Amino acid sequence: MPATTRAPGRLDSILRAVARNVGIPALAIALFLGLWSIAAHNIKVSFGSLPGPAAVVTEIGNLWQEHRSEVAREQAFYVRQVERKAAFLAENPTGQWTERKYAGHPTFFKQILTSLETVFTGFVIASLIAVPLGIVCGLSKTLNLAFNPFIQLFKPVSPLAWLPIVMILVSALYNPPDPWFEKAFLSSALTVALCSLWPTLINTAVGVASIDQDYLNVARVLRLGWLAKIWKIVLPAALPHIFTGLRLSLSVGWMVLIAAEMLAQNPGLGKFVWDMFQNGSSETLAQIMVAVFTIGLIGFALDRAMLSLQRAVSFGAPAR
Amino acid sequence: MIPVIELRAAAKGYGAGATRSEVLADLNLELHDGEFLAIVGFSGSGKTTLINLLAGLHAPDAGSVSLDGQPMPDAGPDRALVFQNYSLLPWLTVHGNIALAVDRVFPQWTAGQRRAHVERYIAMVNLTPARDKRPRQLSGGMRQRVAVARALAMEPRVLLLDEPLGALDALTRAVLQDEISRIWQENKKTVVLITNDPDEAILLADRVVPLSAGPRATFGPSFVIDIPRPRDRLALNHDAHFKRLRKDVLDWLMTSAGRQPARAAARELRLPALVPANLDQVRWIDRALPHRRAAGAQKSKIS
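Criteria and cut-off values
Here the residue numbers are simple positions, counted from 1 along each chain's written sequence. Following the order in which they are written, the chains are lettered starting with A and the ligands numbered starting with 1. Given that this is a predicted model, residues contribute local features only at a pLDDT of at least 70 and side-chain atom pairs are listed and counted only at 80 or more, while totals for whole chains, interfaces and linings are drawn from all residues. Definition of nonpolar core: a set of buried Ala, Val, Leu, Ile, Met, Phe, Trp, Tyr and Cys residues joined via C-beta atoms within 7 Å. Whether a residue is buried, exposed or partly exposed is read from the other C-beta atoms within 10 Å of its own C-beta, which are placed from the backbone; 20 or more gives buried, 12 or fewer gives exposed, and intermediate counts give partly exposed. Here a strand is any run of E in DSSP of at least two residues, a helix any run of H or I of at least four, and the numbering for each starts at the N terminus. All the domain ranges listed were derived from an automatic or database domain assignment. Any residue pair is listed as a contact if its two C-beta atoms, each placed from the backbone, are within 7 Å. For every residue, the predictor reports its confidence as pLDDT, a number between 0 and 100. Note on pairing: two strands pair once DSSP finds at least 2 bridges between them. For helices, the fitted axis covers only the stretch in contact; all axes are lines through C-alpha atoms, and the angles between them, taken along N-to-C directions, range from 0 to 180 degrees. Each angle is binned into one of four classes, with values under 35 degrees roughly parallel, values over 145 roughly antiparallel, values of 65 to 115 roughly perpendicular, and all other values oblique. Whether a crossing is left-handed or right-handed is set by the direction in which the near helix is turned from the far one by less than a right angle, anticlockwise for left-handed and clockwise for right-handed. Each residue receives one of three labels: charged for Asp, Glu, Lys and Arg, nonpolar for Ala, Val, Leu, Ile, Met, Phe, Trp, Tyr, Cys and Pro, and polar for the others, Gly being one of them. Expected helix span is given by 1.5 Å per residue-to-residue step, counting one fewer step than there are residues. The angle between axes fitted to the seven-residue stretch ending at a residue and the seven-residue stretch beginning at it gives the bend at that residue.

Visitor: I'm lost on the nonpolar core in this one. Help?
Guide: The nonpolar side chains of a soluble globular protein tend to be buried, and buried together. Ile98(B), Ala149(B), Leu160(B), Val192(B), Ala205(B) and Val208(B) are the most contacted members of the largest nonpolar core, which has 141 residues in total. The leading source of residues in this core is helix α8 (residues 226–264) of chain A, at 16 residues. If you count residues domain by domain, this core takes at least three from each of domain 1 (1–78 + 157–274) and domain 2 (88–155) of chain B. Dropping the residues within four chain positions of it, Val192(B) is found in contact with Leu31(B), Leu37(B), Ile39(B), Leu54(B), Val158(B), Leu160(B) and Leu161(B).

Visitor: Hey, could you run me through the confidence of the model for chain A in this one?
Guide: Caution is warranted with low-pLDDT regions, since their predicted coordinates should not be read in detail. Summing up the model confidence of chain A, the mean pLDDT is 87 and the portion of residues at 70 or higher is 96%. Of all helices and strands in chain A, the one with the weakest mean pLDDT is strand β2 (residues 48–49) of chain A (76), whereas helix α3 (residues 108–139) of chain A scores best (93).

Visitor: Would you take a moment to explain the sheet that holds strand β2 (residues 21–31) of chain B for this structure?
Guide: Consider a sheet: its strands pair through backbone hydrogen bonds, and that pairing is either parallel or antiparallel. Residue and element names in this part refer to chain B. Strand order in the open sheet formed by 4 strands is β2-β1-β4-β5, with antiparallel pairing between adjacent strands. Both outer strands of the open sheet, β2 and β5 (70–71), are each paired with one neighbouring strand and no more. Here 2 bridges tie strand β4 (residues 62–67) to β5, and the two strands are oriented antiparallel to one another. Paired with Ser 66 across the bridge in β5 is Pro 71. Lying on the sheet, helix α1 (residues 47–55) is in contact with β1 (5–14), β2 and β4; it crosses β1 at an angle near 130 degrees.

Visitor: I'm lost on the packing of α8(A) against helix α9 (residues 269–279) of chain A in this one. Help?
Guide: When two helices pack together, their arrangement is given by the angle between the helix axes and by the axis-to-axis distance. Residue and element names in this part refer to chain A. Where α8 contacts α9, the two axes come as close as 7 Å, and the packing angle between them is 55 degrees. Here α9 runs oblique to α8, going by the angle between their axes. With respect to the hand of their crossing, α8 and α9 are arranged in right-handed fashion. Across the interface between the two elements, Leu 257, Ile 258, Ala 259, Ala 260, Glu 261 and Met 262 of α8 pack against Leu 269, Gly 270, Lys 271, Val 273 and Trp 274 of α9. Tallied by class, residues from the contact of α8 with α9 come to 8 nonpolar, 1 polar and 2 charged.

Visitor: Can you help me understand α8(A) in this one?
Guide: Helical periodicity: at 3.6 residues per turn, an α-helix aligns residues three or four positions apart in one direction. For α8(A), with 39 residues, the first-to-last C-alpha span of 42 Å runs short of the 57 Å given by 1.5 Å per residue. Of all the bends in α8(A), the largest measures some 55 degrees and sits at Leu239(A), one to four residues before the proline Pro240(A).

Visitor: What exactly am I supposed to notice about unusual backbone geometry here?
Guide: For residues other than glycine, phi is negative in most cases, and the peptide bonds are mostly trans. Even without a glycine there, the phi angle at Arg223(A) is positive, about 50 degrees. Mapped onto the secondary structure, Arg223(A) falls in the loop between α7 (213–221) and α8. Despite not being glycine, Asp68(B) shows a phi value in the positive range, around 50 degrees. Structurally, the position occupied by Asp68(B) is in the loop between β4 and β5.

Visitor: What's the story with the packing of α7(A) against α8(A) in this structure? I'm lost.
Guide: Residues and elements named next belong to chain A. Closest axis-to-axis distance for the α7/α8 pair is 11 Å, and the angle between their directions is 170 degrees. As summarised for this structure, α7 and α8 are arranged roughly antiparallel, according to the angle between their axes. Counted together, Tyr 215, Leu 216, Val 218 and Ala 219 of α7 and Lys 229, Ile 233 and Ala 237 of α8 form the full contact between these two elements. Grouping the constituent residues of the contact of α7 with α8 by class yields 6 nonpolar, no polar and 1 charged.

Visitor: Please explain the pairing of strand β6 (residues 79–82) of chain B as it appears in this structure.
Guide: The side chains of a regular strand alternate between the sheet's two faces. Residue and element names in this part refer to chain B. Here β6 shows no split at all, with Arg 79 and Leu 81 on one side and Ala 80 and Val 82 on the other all buried. Bridging between β6 and strand β7 (residues 158–162) involves 4 bridges; their strand directions are parallel. Looking at β7, one finds that Leu 81 is bridged to Leu 160.

Visitor: Looking at this model, I keep getting lost on the domain arrangement of chain B. Mind explaining?
Guide: The figure often quoted for interface size is the accessible area lost as the parts come together. All names here are of chain B. The domain architecture assigned to chain B consists of domain 1 (1–78 + 157–274) and domain 2 (88–155). The gap between the C-alpha centroids of domain 1 and domain 2 is 27 Å. At 3 residues, the largest contribution of residues to the side of domain 1 that touches domain 2 is made by helix α5 (residues 170–187). Of the residues in the side of domain 1 that touches domain 2, the class split is 8 nonpolar, 1 polar and no charged.

Now the structure itself:
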């Protein structure tokens, strides 16, 4: 057909793509905010009205202010303590001075950090168990058959069911005189680990079991030992699969964490949501919504980070 | 003289019971030191299974496979294999792939010696500029050369090539055939080349053994290729002896597959010398054909 229409220029098509890829999500977000505002005006809840987008944004500011003043109070406390200690030692040079810790409540932003620490601890524990176990299951059909019933049985169990067991076991078994971790922290992290190890375990096993026979033949021709075979051939070949599993595990772990913190009273985002719900002030719902958006954004950021790691270890299609 | 590798009534199949398929049966072969042997067979006739037997990756179900008169041990670096799809490790560079083998085979050397050894073999296959690239950044021909360099760098007693050039285009194939020929003449290793191309087999080998069409594929008679080296592929195409050998190998293969061997053209076909008398009066054939009319868009593009 003779070309009657001018082919769109390069700049033209780029602009169109930008307009579509940015414009449509922006429009959808605007629509969402509009509907939310309408709902906020019309729904009454026990402690006032449902907060709209503006109220939530204000609440972020409030939480930040609260964090700033709390940090200032804490610093002031330690400054005072140093002064008091000097004064006390001046009066009784032989006296025993006891250092005190600041007893203020953790702010929202500190709770975010606690949550991140907890989820990473759980995730690291899960990975340290799941990757070696997955490799072993992938290499040996026998062990795979042995572990499979447990994987199928425990994989669908909710974190809420694991948590009481974990808490009881932690109370029974973790009683050092000078504890490194809070029990609540340990219980939450272990629950995260228990719930999030399955995707890594399954993906690692599948990745190892589906390694190209040619790579294993290379290992045989070179007469690589057991450890060298795993380290030089199996692990790198299965790395893309392993990272797919790790990425899924981290998302599961982050979801599980909020529930675990609520019940275990680990001072993180889950506890924040629970405390706000219990205290029932006029800002409660707005604060919980801030927490929801924060949880969503952090989950998204963690997923993106894992995705770039996953891409970094994928070597494209296997070399043919 | 004890053959390097010897097959005696060896057989190999897969599966069990009703789904059992016998791939190779009653294989007898002697491979001598310094010999370049080519095995030619159809696709799917069990060539890869055969090379796995020769490498010690598989054990035969019946009969025996021996190395230097002893039962074939498990695969090892003394029988270096160039796999059909190269099986380079995609996470290692060209240097890394070869170094993995060299570090493993020569642990007694110093790091410097091993490094120099790797570089020498990279240079031998003309890949020094690509030494830090990963396999996916290389063309098929370059990957193939890395695989050959890796195998040669192990300094094996026997080099086993499993359709090494099968996945390459004709031009790259020709270049690499010459390269394999050159490398073999420099090193005089014992080589087994498995291929589906009789021309390639005759061009490169001292002896060609056809493998019959499967199932239960087995060897035909040995064809000794006494064409002097170096062999020039262009000259060979007009060499009567080469044509004769190629016809014999092809005929044996075709007969084994139950087909009529290709008859040599009994008489010369003379094509009539047709020249249109007047180009202006030629009625273009495509206008008359109905399926052309259906492709309207295409036609308007032409006119």
